[in-house]
Amino acid sequence: MPDGQTLTARLYERGQAKDGRWLFDVGLVVWRNGPKREHAEPAEYRVWIPAEQARRVNGADYSQVKTTRRQPPAPKPWPRPRPADRWKVEVVRRQPATDFQWVTVHRADCSLGAGGEEIDDEQKARERMAAEGGRGCAACGTDMSLRTAPDADSGR
Ligand SMILES: [Zn+2]
């Protein structure tokens with residue numbers, strides 16, 4: 001007790017607080033007056049106290065006391081990038097004396113592949129990547145997200 005007294009209480013429940021500390025729900029039997037002051041009857045006072053304020057009673061069995069352990073917070077899901085709606089075509093190399101060029105298709109917000117043509121149509125971005133000399137970028141994931149299904153380009 002705050003004044004240094006030791007009282008015997010009944011332990012009802014052990015619970016863990018948000019910060020991991022343990023709290024005990026205890027019942028202390030005290031006197032309480034009825035409607036008339038001349039009459040006193042036993043009554044239980046229930047309170048949650050910090051576990052460090054309590055001591056075991058020798059010989060008492062606490063194995064059946066309800067114990068509520070807090071679950072550790074669930075891990076946050078891995079952040080998924082929002083789907084791209086713009087892409088940029090980086091010219092990696094041009095073949096001399098022809099129109100042919102090797103290109104890498106990036107998401108418009110990719111830190112690699114500055115400049116180049118911008119595309120706001122996913123199908124066109126897929127076509128640029130699927131065309132000869134085209135490839136996706138592993139950094140921004142277009143190598144997977146814009147990859148054409150194997151059966152879709154079997155007609156080439
Ligand atoms: Zn990229």
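Because the structure is a prediction, the values reported are computed rather than measured.

Topic: the overall build of the chain
For step 1, the next point in the chain: From N to C terminus, the chain includes two helices and eight strands.
For step 2, the next point in the chain: Listing every helix and strand of the chain by position from the N terminus yields β-β-β-β-β-β-β-α-β-α.
For step 3, the next point in the chain: Taken over C-alpha atoms, the radius of gyration comes to 36 Å for the chain, far larger than the 15 Å a tight globule of 156 residues would show.
For step 4, the next point in the chain: For the chain, the C-alpha atoms occupy an extent of roughly 110 × 30 × 30 Å along the three principal directions.
For step 5, the next point in the chain: The proportion of buried residues among the 156 residues of the chain is 13%.
For step 6, the next point in the chain: Pairs at least 24 apart in sequence give 43% of the contacts found in the chain among residues at least 6 apart.

Quick look at the domain arrangement of the chain
For step 1, the next point in the chain: If you check the domain split of the chain, you get domain 1 (10-68) and domain 2 (87-145).
For step 2, the next point in the chain: A C-alpha centroid distance of 69 Å is found between domain 1 and domain 2.

Considering the environment of R56
For step 1, the next point in the chain: For R56, the location among the structural elements is in the loop between β3 (40-50) and β4 (66-68).
For step 2, the next point in the chain: Overall, R56 belongs to the exposed group, with 8 C-beta atoms counted inside 10 Å.
For step 3, the next point in the chain: Each C-alpha atom, one on R56 and one on C110, is 62 Å from the other, the two residues being 54 residues apart in sequence.

Re the sheet that holds strand β8 (residues 134-136)
For step 1, the next point in the chain: Read from one edge of the open sheet, four strands run β7-β5-β6-β8, paired in mixed fashion. Unpaired on one side and paired on the other, β7 (117-119) and β8 mark the two borders of the sheet. Within the sheet, the average angular offset between the axes of one strand and its neighbour, ignoring direction, is 30°.
For step 2, the next point in the chain: Looking at chain direction, strand β5 (residues 87-94) and strand β6 (residues 101-107) are connected through seven bridges and run antiparallel. Across the sheet, residue K88 finds its bridge partner in β6, namely H106.
For step 3, the next point in the chain: Against the sheet, helix α1 (residues 122-130) contacts β5, β6, β7 and β8, and its axis sits at roughly 115° relative to β8.

With respect to the sheet that holds strand β1 (residues 10-16)
For step 1, the next point in the chain: Sheet architecture is open: four strands sit in the order β3-β2-β1-β4, paired in mixed fashion. The sheet is open, and its two borders are formed by β3 and β4, each paired with just one other strand. Averaged over all neighbouring strand pairs, the angle between strand axes comes to 25°, with direction disregarded.
For step 2, the next point in the chain: As defined by bridge partners, β1 adjoins β4 across three bridges and the pair is classed as parallel. What sits directly across from E13, in β4, is K66.

Overview of the nonpolar core
Generally speaking, soluble globular proteins have nonpolar side chains that are buried together.
For step 1, the next point in the chain: In this structure, W87, V89, V103, V105, A125, M129, C137, C140 and L146 together form the largest nonpolar core, which totals nine residues.
For step 2, the next point in the chain: Every element with two or more residues in this core is listed here: β5, β6 and α1.
For step 3, the next point in the chain: Apart from the residues within four sequence positions on either side, V89 is in contact with V103, V105, G116, E117, I119 and R128.

Points about α1
For step 1, the next point in the chain: Within α1, burial applies to A125, R126, R128 and M129. Projected down its long axis, α1 carries its buried residues within an arc of 160°, all on one side.
For step 2, the next point in the chain: Buried-residue contacts for α1 involve β5, β6, β7, β8 and α2 (142-145).

So, the pairing of β3
For step 1, the next point in the chain: Little of β3 sits inside the fold, with zero of its eleven residues counted as buried.
For step 2, the next point in the chain: Judged from the eleven bridges that link them, strand β2 (residues 22-33) and β3 form a sheet pairing that is antiparallel. Residue pairing in the sheet places R32 in a bridge with E41 of β3.
For step 3, the next point in the chain: Between β2 and β3, which follow one another and run antiparallel, lie six residues.

Rules used throughout
Residues numbered from 1 in each chain as written. Predicted model: local features only at pLDDT ≥ 70, side-chain atom pairs only at ≥ 80, totals over all residues. Helix = DSSP H or I, 4+ residues; strand = E, 2+ residues; numbered from the N terminus. Rg over C-alpha atoms; globule rule 2.2 N^0.38 Å. Buried ≥ 20, exposed ≤ 12 C-beta atoms within 10 Å, placed from the backbone. Contact = placed C-beta atoms within 7 Å. Domains from an automatic or database assignment. Pairing = 2+ DSSP bridges. Axes fitted to C-alpha atoms, helices over the stretch in contact; angles between N-to-C directions. Core = buried A, V, L, I, M, F, W, Y, C linked by C-beta atoms within 7 Å. Arc of directions from axis to C-beta.

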